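# Architecture at a glance
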Amino acid sequence: MELSGENDFSNEISFPDGIETTEASQTSGSSQIFEVIGLPLEVSVPLRYAMEHEMAVTLEDFFVRRTGALLFDIDWVKKWKGPAAAYMASYLGWSVEEQARYLEQLEKQLHNAVVPEDAAEEY
């Protein structure tokens, strides 16, 4: 069996401002969108990996289930939730409503992580 090194599939994604990536230009295209959104490598690399290899499709998937950051580095989540949402929305094709819904779900998780359940019931 001989492998040609070429794939029969395309990994083409459309981003805002006309930025596009394909498998051949994925690295440069990804770095362009990360720069536009303002994501450093320590966020962009695990985010991209989580979406492509771990089936992360929501902000909760990434910040809670894939990184555990909500439990162990909540300030990191608060700092990067907006830019991560913008990137995931572009990459996964979320509507404005979906992006708002996923951000709201993450906000609820953030609230629940810092406010004890008993205290939330008192208010």
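Figured I'd write up the structure that's included with this text. (Residues numbered from 1 in each chain as written. Predicted model: local features only at pLDDT ≥ 70, side-chain atom pairs only at ≥ 80, totals over all residues. Heavy atoms only, no water.)

Taking 1.5 Å as the rise per residue, helix H2 (residues 41-53) with 13 residues should run 18 Å; its terminal C-alpha atoms sit 17 Å apart, in good agreement. All buried positions along H2 are accounted for by Val 43, Ser 44, Leu 47, Arg 48, Ala 50 and Met 51. In an axial view of H2, the angular spread of the buried residues amounts to 160 degrees, which keeps them on one side of the axis. Facing away from the buried side of H2 by over 90 degrees, the exposed positions are Leu 41, Glu 42, Val 45 and His 53. A positive phi of about 60 degrees marks Met 55, the residue just after H2. (Helix = DSSP H or I, 4+ residues; strand = E, 2+ residues; numbered from the N terminus. Expected span 1.5 Å × (residues − 1). Buried < 20%, exposed > 50% of the residue type's maximum accessible area, 1.4 Å probe, protein only. Arc of directions from axis to C-beta.)

All right, on to the environment of Val 57 then. Within the secondary structure layout, Val 57 lies in the loop between H2 and helix H3 (59-66). Looking at Val 57, the relative accessible area reads 44%, which means it is partly exposed. The spacing of Val 57 and Ala 89 is 32 residues in sequence and 9.5 Å in space, taken between C-alpha atoms. Once residues lying within four places of it in the same chain are set aside, the contact partners of Val 57 are Met 88, Leu 92, Trp 94 and Tyr 102. (Contact = heavy atoms within 4.5 Å.)

Turning next to the nonpolar core. In terms of nonpolar packing, the biggest core is built from 26 residues, with Leu 39, Leu 47, Leu 59, Phe 63, Trp 76, Val 77 and Tyr 87 touching the most fellow members. Elements represented by at least two residues in this core include exactly H2, H3, helix H4 (69-72), helix H5 (74-92) and helix H6 (96-114). In terms of residue count, the dominant contributor to this core is H5 (10 residues). (Core = buried A, V, L, I, M, F, W, Y, C linked by side-chain atoms within 4.5 Å.)

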